[in-house]
Amino acid sequence: MKEMIFSNWHIIRLVRLAFALFLFVQAFTNQEWFFIAFGLFFLFQVIFNLGCGPNGCSVPNNKYSKR
């Protein structure tokens, strides 16, 4: 678990972290508590390194067909 959190940091992961923190700050300063849900979504992506990676969101193309 530690290795997943502390390794493989790239620019998109840092952008997600900054955006999550921005949403938390905006939720507290403007008292718009719905923004916390969006902030938690991005924070979840940051912690577990989920979402589209550097290669994009494409589905792998398997050349093997089942017959």
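Here, every reference points to the structure presented above.
A brief structural summary. Nothing here was measured: the structure is a model prediction, and the numbers come from that model.

Structurally, the position occupied by Phe35 is in helix 3 (residues 35-48). Separated by 10 residues in sequence, Phe35 and Val25 place their C-alpha atoms 9.3 Å apart. Residues contacting Phe35, with those up to four places away along its chain left out, are Leu23 and Ala27.

Another aspect to go through is the packing of helix 2 (residues 11-30) against helix 3. Think of two packed helices as two axes; the pair is described by the angle between the axes and how far apart they sit. Relative orientation of the contacting elements helix 2 and helix 3 amounts to 155°, with a least axis distance of 8 Å. Classified by the interaxial angle, the pair formed by helix 2 and helix 3 is roughly antiparallel. The hand of the helix 2/helix 3 crossing is left-handed. The segment helix 2 lies against helix 3, with Arg13, Arg16, Leu17, Phe19, Ala20, Leu23, Phe24, Ala27 and Phe28 engaging Phe35, Ile36, Phe38, Gly39, Leu40, Phe42, Leu43, Gln45, Val46 and Ile47. Split by residue class, the contact of helix 2 with helix 3 holds 15 nonpolar, two polar and two charged.

Here the focus is a nonpolar patch on the surface. Residues Trp9, Ile11, Ile12, Leu14 and Val15 make up a contiguous nonpolar surface patch of roughly 470 Å² in combined accessible area. Owing to a relative accessible area of 43%, Leu14 belongs among the partly exposed residues under this scheme.

Turning to the packing of aromatic side chains, a few remarks are in order. Each pair of aromatic rings is reported with the distance of its centres and the angle of its planes. Inspection of every chain in the model, using the stated rule, returns six aromatic pairs. Pairing Phe28 with Trp33 gives two aromatic rings, centres 5.5 Å apart and planes at 70°, and the pair type is edge-to-face. On the basis of relative accessible area, Phe28 is assigned to the exposed category, the value being 53%. Judged by relative accessible area, Trp33 falls into the partly exposed class, the value being 48%. Summarising the aromatic geometry, the rings of Phe34 and Phe38 are spaced 5.2 Å apart at their centres and angled 90° between planes, so their arrangement reads as edge-to-face. Its relative accessible area of 39% is what places Phe38 among the partly exposed residues. One aromatic cluster in this structure is built from Phe19, Phe22, Phe41 and Phe42.

Basis of the calculations
- Residues numbered from 1 in each chain as written.
- Predicted model: local features only at pLDDT ≥ 70, side-chain atom pairs only at ≥ 80, totals over all residues.
- Heavy atoms only, no water.
- Helix = DSSP H or I, 4+ residues; strand = E, 2+ residues; numbered from the N terminus.
- Contact = heavy atoms within 4.5 Å.
- Axes fitted to C-alpha atoms, helices over the stretch in contact; angles between N-to-C directions.
- Parallel < 35°, antiparallel > 145°, perpendicular 65-115°, else oblique.
- Left-handed = near helix turned anticlockwise from the far one by under 90°.
- Nonpolar A, V, L, I, M, F, W, Y, C, P; charged D, E, K, R; others polar.
- Patch = residues over 30% accessible without salt bridge, like charges linked within 9 Å, V, L, I, M, F, W, Y side chains within 5 Å.
- Areas by Shrake-Rupley, 256 points an atom, 1.4 Å probe, with all protein chains shown as cover.
- Salt bridge = Lys/Arg side-chain N within 4 Å of Asp/Glu carboxyl O.
- Buried < 20%, exposed > 50% of the residue type's maximum accessible area, 1.4 Å probe, protein only.
- Phe/Tyr/Trp six-rings, centres within 6.5 Å; stacked < 30°, edge-to-face > 60°.

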